[in-house]
Each structure stands twice: as C-alpha cells, then as structure tokens.
Amino acid sequence: MGLRLDHGGHLTHGSPVNFSGKLYDFVPYQLHPETELLDYDGIAELARETRPKMILCGYTAYPRTIDFEFFRQVADEIGAFLMADIAHIAGLVAGGAHPSPVPYADVVTFTNHKTLRGPRGATILCRSEYAQAIDKAVFPGLQGGPLMHVIAAKAVSFAEAATPEFKQYASDIVSNAKVLCQALAEEGLRIVSGGTDNHLMLVDLRPFGVTGAVAQDALDAAGITLNKNTIPDDPESPFVTSGLRLGTASVTTAGMGPDEMRTAAHLIGRVLGDVDNADTIAAVRDDVEALCEGFVPYPTPVG
Ligand SMILES: *Cc1c(COP(=O)(O)O)cnc(C)c1O
C-alpha cells in the first residue's frame with residue numbers, strides 16, 4: 001500500500017507499468033481532497049480494510065512533513081512491514097531538517113543523488129533481521145557486480161552529510177523553499193497544500209491558463225530549469241499536467257539565498273504571464289544570466 005502516483009507517489013510504488021505493480025497486489029492511498037495533505041484518517045481506515053503486507057511512505061512530489069510515527073502505528077495495528085522510501089528528502093533527514101524514519105521503519109531506502117547530493121545510486125537501511133534476505137535479493141537476485149567508484153563516492157557523500165556545513169545546507173534548502181513558495185504565491189500561482197516544509201513545492205498553473213508542458217518549455221527557453229508535474233486530481237494527462245514541481249537544492253548549493261529566491265519567483269511569473277512572447281522570454285533569459293553570474297553551480301565541496 002502506497003501513495004497514488006498522481007498524488008505524489010513514485011512509479012516504483014505499485015504503478016502497473018513497473019515491476020512493483022506487476023508482481024504485487026497494490027493498494028493506493030491518497031491525499032485529502034481539501035487540504036492536499038496526506039489523508040491520515042483515510043490511510044488508517046484503508047489499511048484496516050485491505051490489510052496490506054507492507055505499507056510504503058516517502059514520496060516523489062510531496063512538499064510537506066511526513067509523520068513516520070503514524071505509519072508505524074498503523075503498520076503495527078495490522079501486522080504490516082513499514083518501508084520508507086526517502087529518496088527525495090534523504091539529505092534533509094541527514095541534515096536534521098526533516099524527521100527521520102529510521103526509528104520507525106523496518107526498511108528505509110533512498111537515492112544518493114537527490115538532496116543527499118551524492119553520486120547516482122541508492123542505499124538500503126534495514127533492521128538486522130532482514131539484512132541477509134535483502135542482501136540476497138540484491139545480489140544475486142537482481143544486480144551484477146558492484147561499481148566500486150560509485151561506492152567510494154557514496155562514502156564521500158556520507159562523510160559530507162555528517163558535517164556541520166551540511167546541516168546548514170539542509171536548513172538553508174528549506175528556508176529558501178519557503179521564501180520561493182511565498183514569492184510564487186505572490187506572483188499569483190496556487191501553491192498545492194498551501195506551502196512547503198521541505199525542499200520542493202508544487203504549483204498549480206491553472207490561474208495562468210497554461211499547462212505544465214507549455215510552462216516547462218517556456219521557462220526552459222528562459223534559462224529556468226524545473227519540471228512539469230501532475231497536481232492532485234489533475235485534469236490533464238501526466239504528459240501535459242496542470243502543475244510544476246520546483247526545488248531549491250541546487251540553487252542553495254550554488255549559494256543563493258532569500259533575495260535570489262524572490263528574484264527567481266518574479267522571473268518565473270514574468271514568463272508564465274507571457275509564455276507565447278519570444279521577447280519576454282529573451283529578456284528574462286538575460287536577467288537569469290545576470291542573476292547566475294554571481295554564483296558557481298558546484299562550489300568547493302564541504303568536509
Ligand atoms: C527518485 C526516486 C526514486 C529513484 O528514482 P531514480 O530514477 O533512481 O532517481 C525512488 N523513489 C522515490 C520516491 C523517488 O523520488
């Protein structure tokens with residue numbers, strides 16, 4: 001049982017086109033239709049009704065804090081395993097900017113390459129009683145030989161994530177996200193769930209009358225990289241969408257702060273208000289270049 005893909009879940013959490021949906025009988029839970037937050041009461045009720053063997057929490061497009069303790073209680077009540085896939089927020093968890101699932105989940109998985117800022121790859125943490133079964137499932141179950149250079153890079157990124165500088169980084173990501181989110185709301189965008197607690201935010205473009213696909217391309221042409229994303233109960237297809245997903249991890253690495261977030265929101269607003277106008281896009285592109293001039297995308301690593 002896991003969050004619906006179009007409510008912020010991940011393809012590997014039971015999508016019919018993924019092995020997880022082909023091999024397992026998947027039960028989707030959802031966001032509350034009004035608050036757009038996890039519908040904790042509905043999730044508990046659905047778990048009691050359907051009694052899944054495993055409950056999954058951790059998402060790919062959910063901007064708010066996850067209550068891992070709640071999921072543990074529900075899992076215990078029905079005798080299910082609890083797995084937390086914290087791919088997106090691993091860096092925030094490591095840096096103390098989001099609660100950790102480790103005290104609650106039986107298994108915690110994460111990618112190393114999102115907010116944790118390490119190499120492309122993943123890590124599995126688990127209770128020792130499951131270690132041997134998981135090791136065997138990875139090798140020889142699924143994977144060939146290890147990539148030793150990637151393992152070395154993971155070690156470096158773990159060492160970085162243990163530093164005070166990384167703690168500051170995680171905290172700055174979240175404060176930048178809050179400023180960007182507020183500034184985008186002031187530009188007239190509807191913020192899904194009304195805000196953000198982590199590194200990302202989802203915005204609803206319908207007030208501007210443009211789709212996610214059109215907005216993504218226009219912003220790309222203006223030098224602003226982000227991605228189209230479904231919003232809860234999106235009337236558009238996943239290839240078109242009514243929303244955008246923005247994150248502050250990379251700009252925070254570059255050293256940008258609240259002033260730059262407000263400038264970025266304004267630049268985004270200018271493009272969204274005029275997506276068909278090549279002059280506006282070119283003018284914004286110049287301003288984006290001027291903004292980025294003072295920052296290096298990958299400054300000297302910490303630690
Ligand atoms: C990104 C992500 C993954 C892994 O995806 P990759 O394609 O390997 O980056 C798994 N689960 C969640 C929730 C994710 O957000």
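Residues numbered from 1 in each chain as written. Predicted model: local features only at pLDDT ≥ 70, side-chain atom pairs only at ≥ 80, totals over all residues. Heavy atoms only, no water.

A word on helix α6 (residues 148–161)
Logical step 1: Compared with the 20 Å implied by 1.5 Å per residue over 14 residues, the 20 Å span of α6 between its first and last C-alpha is a close match.
Logical step 2: Among the residues making up α6, those that are buried are Val 150, Lys 154, Ser 157, Glu 160 and Ala 161. Down the axis of α6, the buried set is contained in an arc of 120°. They therefore lie on one face. Facing away from the buried side of α6 by more than 90 degrees, the exposed set consists of Met 148 and His 149.
Logical step 3: The inward-facing, buried residues of α6 abut α4 (90–94), β6 (122–126) and α7 (164–186). (Helix = DSSP H or I, 4+ residues; strand = E, 2+ residues; numbered from the N terminus. Expected span 1.5 Å × (residues − 1). Buried < 20%, exposed > 50% of the residue type's maximum accessible area, 1.4 Å probe, protein only. Arc of directions from axis to C-beta. Contact = heavy atoms within 4.5 Å.)

As for the packing of helix α2 (residues 40–50) against helix α3 (residues 68–78)
Helices that pack against each other are described as a pair by the angle of their axes relative to one another and the distance between those axes.
Logical step 1: As a packed pair, α2 and α3 sit with axes 10 Å apart at the nearest point and diverge in direction by 20°. Compared by their axis directions, α2 and α3 come out roughly parallel. Crossing geometry of α2 relative to α3 is assigned as right-handed. Every residue of α3 that contacts α2 at Tyr 40, Ile 43, Ala 44, Ala 47 and Arg 48 is listed here: Phe 70, Phe 71, Val 74, Glu 77 and Ile 78.
Logical step 2: Counted by class, the contact of α2 with α3 contains eight nonpolar, no polar and two charged residues. (Axes fitted to C-alpha atoms, helices over the stretch in contact; angles between N-to-C directions. Parallel < 35°, antiparallel > 145°, perpendicular 65-115°, else oblique. Left-handed = near helix turned anticlockwise from the far one by under 90°. Nonpolar A, V, L, I, M, F, W, Y, C, P; charged D, E, K, R; others polar.)

Things to note about the domain arrangement of the protein
Logical step 1: The domain architecture assigned to the protein consists of domain 1 (2–161) and domain 2 (172–293).
Logical step 2: Its C-alpha centre places domain 1 at a distance of 27 Å from the equivalent point of domain 2.
Logical step 3: Every contact between the two is made by 19 residues of domain 1 and, on the other side, 23 residues of domain 2.
Logical step 4: Taken over both partners, the interface formed by domain 1 and domain 2 buries close to 1,700 Å², and the fraction arising from carbon and sulfur atoms is 51%.
Logical step 5: Considering only the side of domain 1, the residues that lose the most area to domain 2 are Glu 36, Pro 63 and Arg 64, jointly responsible for 36% of the buried surface there.
Logical step 6: For the pair domain 1 and domain 2, the number of links is three salt bridges. (Domains from an automatic or database assignment. Buried area = accessible area lost by both parts, 1.4 Å probe. Salt bridge = Lys/Arg side-chain N within 4 Å of Asp/Glu carboxyl O.)

Regarding the pattern of salt bridges
Logical step 1: Taken as a whole and assessed by the stated rule, the structure comprises 13 salt bridges.
Logical step 2: Of the charged contacts in the structure, one is a salt bridge between Glu 77 and Arg 48, with a shortest N-O distance of 2.5 Å. Of the two residues, Glu 77 sits in helix α3 while Arg 48 sits in helix α2, which places them 29 residues apart along the sequence.
Logical step 3: For Asp 204, the salt bridge identified is with Arg 190, shortest N-O distance 2.8 Å. Placement of the pair is Asp 204 in strand β8 (residues 200–204) and Arg 190 in strand β7 (residues 190–191), with a sequence separation of 14 residues.
Logical step 4: Exposure remark for Arg 190: the relative accessible area of 32% places this residue in the partly exposed category.
Logical step 5: Shared partners join several salt bridges into a network, and the residues in it are Glu 36, Arg 190, Asp 204 and Arg 206.

What about the site of the ligand?
Logical step 1: Taken together, His 10, Tyr 59, Thr 60, Asp 85, Ala 87, His 88, Thr 111, His 113, Lys 114 and Arg 120 form the complete shell of residues around the ligand.
Logical step 2: Here a nitrogen atom of the ligand and a side-chain polar atom of Asp 85 are 2.6 Å apart.
Logical step 3: For the ligand, an oxygen atom lies 2.9 Å from a polar atom in the side chain of Lys 114.
Logical step 4: When the ligand sits alone it has 380 Å² of accessible area, and the protein chains cover 72% of it. (Near = heavy atom within 4 Å. Polar contact = N/O pair within 3.5 Å; in protein donor to acceptor, adjacent residues only side chain to side chain. Areas by Shrake-Rupley, 256 points an atom, 1.4 Å probe, with all protein chains shown as cover.)

Description of the state of the cysteines
Logical step 1: Applying the stated rule across the entire model yields zero disulfides.
Logical step 2: Take Cys 126: it sits in no disulfide, and the sulfur closest to it among the cysteines is that of Cys 57, at 16 Å.
Logical step 3: With a relative accessible area of 28%, Cys 126 lands in the partly exposed category. (Disulfide = S-S within 2.5 Å.)

Points about the pairing of strand β10 (residues 243–247)
Logical step 1: The element β10 is extensively covered by neighbouring structure, given that four of its five residues are classed as buried.
Logical step 2: Inspection of the sheet shows β8 paired to β10 by five bridges, in the antiparallel sense. Looking at the pairing, Leu 200 lines up with Gly 247 of β10.
Logical step 3: Alignment of strand β9 (residues 227–229) against β10, held across three bridges, turns out to be antiparallel. Its bridge partner lying in β10, Lys 228 is registered against Leu 244. (Pairing = 2+ DSSP bridges.)

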